[in-house]
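The lines below spell out each chain.
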Amino acid sequence: VEDGLAPQEFSKSLKARNTNLMQVLHTYANQYGTYHQGMHEMCSYIMFVIEMDLFDHETSSSRDGFSEMLNKNYLLHDTYNLFESLMVPLGKCYDESAAMSNSVVSKIPYVARDKELYNHIQTVPMSHEVYCA
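Residues numbered from 1 in each chain as written. Predicted model: local features only at pLDDT ≥ 70, side-chain atom pairs only at ≥ 80, totals over all residues. Heavy atoms only, no water.

A. Molecular detail of the overall build of the protein chain. The helix and strand tally for the protein chain stands at 6 helices and 0 strands. Sequence-ordered secondary structure for the protein chain, helices as α and strands as β, is α-α-α-α-α-α. Relative to its full complement of 133 residues, the protein chain shows a buried share of 21%. Long-range pairs, those at least 24 residues apart, make up 56% of the contacts in the protein chain between residues at least 6 apart in sequence. (Helix = DSSP H or I, 4+ residues; strand = E, 2+ residues; numbered from the N terminus. Buried < 20%, exposed > 50% of the residue type's maximum accessible area, 1.4 Å probe, protein only. Contact = heavy atoms within 4.5 Å.)

Right under this line is the structure:
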């Protein structure tokens, strides 16, 4: 059991984290009209760091200038803003990755000489990034 929590408390804590993470990612996807595989990992690390800072703030007796910025009521807000700031420059990488994977898939019949594989990939309802990662 993590951090001395009873199994039921840990389960509630984990469910709350997952719910918070899904809210942030859902808001981002609605705002930008996109979600890509792996975004949840980046967002979860951001949320984790904020939670650790909040924990340190709550358990520390020192009050520095940053303590006024840390507020558990703004966990989702802060996580979203930092995640959005990270994704603005990284969004281009996802666009280039999709273009690259489409390019790779289109070359399968010629380079791999495997029309059966190409036809299979075209009929499976899955993004090309899964095959070309």
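B. Representation of the nonpolar core in the model. In terms of nonpolar packing, the biggest core is built from 15 residues, with L25, Y28, M39, C43, F83 and M87 touching the most fellow members. Going through the elements one at a time, helix 1 (7-32), helix 2 (39-59) and helix 3 (75-106) are the ones with two or more residues in this core. Take this core: its biggest share by element is 6 residues, from helix 2. If sequence neighbours within four positions are ignored, Y28 has contacts with G33, T34, M39, Y80, F83, E84 and M87. (Core = buried A, V, L, I, M, F, W, Y, C linked by side-chain atoms within 4.5 Å.)

C. Region of interest: the pattern of salt bridges. On inspection of all chains with the given rule, the structure shows 1 salt bridge. R17 is paired through a salt bridge with E51; the nearest N and O atoms lie 3.0 Å apart. With a gap of 34 residues between them, R17 in helix 1 and E51 in helix 2 connect regions that are remote in the sequence. What makes R17 partly exposed here is its relative accessible area of 31%. When its relative accessible area of 16% is taken as the criterion, E51 is described as buried. (Salt bridge = Lys/Arg side-chain N within 4 Å of Asp/Glu carboxyl O.)

D. Up close: the confidence of the model for the protein chain. Residues with a pLDDT of 70 or more make up 64% of the protein chain, whose mean pLDDT is 76. When mean pLDDT is taken per element in the protein chain, helix 2 scores highest with 88 and helix 6 (residues 128-132) scores lowest with 51. (pLDDT = per-residue confidence, 0-100.)

E. Representation of the side chain of T79 in the model. With respect to the helices, strands and loops of the structure, T79 is situated in helix 3. Excluding residues within four positions of it along the chain, T79 makes contact with V24, C43, I46, M47 and I50.

F. View of the packing of aromatic side chains. Per the counting criterion, the structure on display carries 3 aromatic pairs. Look at Y28 and Y80: their rings are 6.5 Å apart centre to centre, the planes differ by 55°, and that puts the pair in the tilted class. Here Y28 is found in helix 1, whereas its partner Y80 is found in helix 3, with 52 residues between them in sequence. Each member of the pair Y28 and Y80 is classed as buried. (Phe/Tyr/Trp six-rings, centres within 6.5 Å; stacked < 30°, edge-to-face > 60°.)

G. Helix 2, seen in detail. With 21 residues, helix 2 extends 30 Å between its outermost C-alpha atoms, agreeing within 8% with the 30 Å of an ideal straight helix rising 1.5 Å per residue. Within helix 2 the residues assigned to the buried category are M39, C43, I46, M47, I50, E51, L54 and H57. In a view along the axis of helix 2, the buried residues occupy a sector of 135°, so they form one face of it. Set apart from the buried face of helix 2 by more than 90 degrees, the exposed residues are Y45 and T59. (Expected span 1.5 Å × (residues − 1). Arc of directions from axis to C-beta.)

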